[in-house]
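Each chain, letter by letter, is given below.
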Amino acid sequence: MQIQINTDDGVRGSEEFSQRLAEEIQRSLGRFADQITRIEVHLGDANSPKKGGDTDMRCAMEARPTGQKPVAVTHHAATPHEAAQGATRKLRALLDTQLGKRSEVKGAPTIRDGALDL
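The structure presented is a predicted model; accordingly, all values stated were derived computationally and were not measured. (Residues numbered from 1 in each chain as written. Predicted model: local features only at pLDDT ≥ 70, side-chain atom pairs only at ≥ 80, totals over all residues. Heavy atoms only, no water.)

1. Here's the deal with the environment of Thr7
Along the chain, the position of Thr7 falls in strand 1 (residues 2-7). Placed 35 residues apart in sequence, Thr7 and His42 show a C-alpha to C-alpha distance of 5.8 Å. (Helix = DSSP H or I, 4+ residues; strand = E, 2+ residues; numbered from the N terminus.)

This is the structure:
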């Protein structure tokens, strides 16, 4: 699973920040690694660097599941890190819903699998 992080001019993103963020995303979404080819992260200032605001940092995340259309979420917060954390939580919930349907039901064998002896 490839993670690509992009920032606009309103966000001061260092290489260290991008690396830590990629590690956090990998930790949170790693269980989907074999089902997702790429995650794109876009961090930006929703208003502009000149205007202030409590929740003016925006993080948009797009995941590209194999064999499906891309899915995206957006989260606004006071800092880029908080915005990324919120977007990661939203994306994890969305992927749980969409990709969880393709896997076994709560990990239990089913009649269709032939694993149950009746």
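2. Focus on the sheet that holds strand 1
With mixed pairing, 4 strands are arranged side by side in an open sheet as 1-2-3-4. Both outer strands of the open sheet, strand 1 and strand 4 (71-77), are each paired with one neighbouring strand and no more. For this sheet, the mean angle separating the axes of adjacent strands, direction not counted, is 15 degrees. Sheet topology note: the strand 2 (residues 36-45)/strand 3 (residues 57-65) ladder contains 9 bridges and is antiparallel. Among the inter-strand pairings, Leu43 is bridged to a residue of strand 3, identified as Cys59. (Pairing = 2+ DSSP bridges. Axes fitted to C-alpha atoms, helices over the stretch in contact; angles between N-to-C directions.)

3. Side note on the pattern of salt bridges
Here the structure, examined in full by the defined rule, presents 4 salt bridges. Note that Glu40 is salt-bridged to Arg38, the shortest N-O span being 2.8 Å. We note a salt bridge from Glu62 to Arg64, for which the minimum N-O separation is 2.8 Å. In the salt-bridge network here, residues are joined through shared partners; they are Arg38, Glu40, Glu62 and Arg64. (Salt bridge = Lys/Arg side-chain N within 4 Å of Asp/Glu carboxyl O.)

On their own, these measurements won't tell you what the molecule is for.
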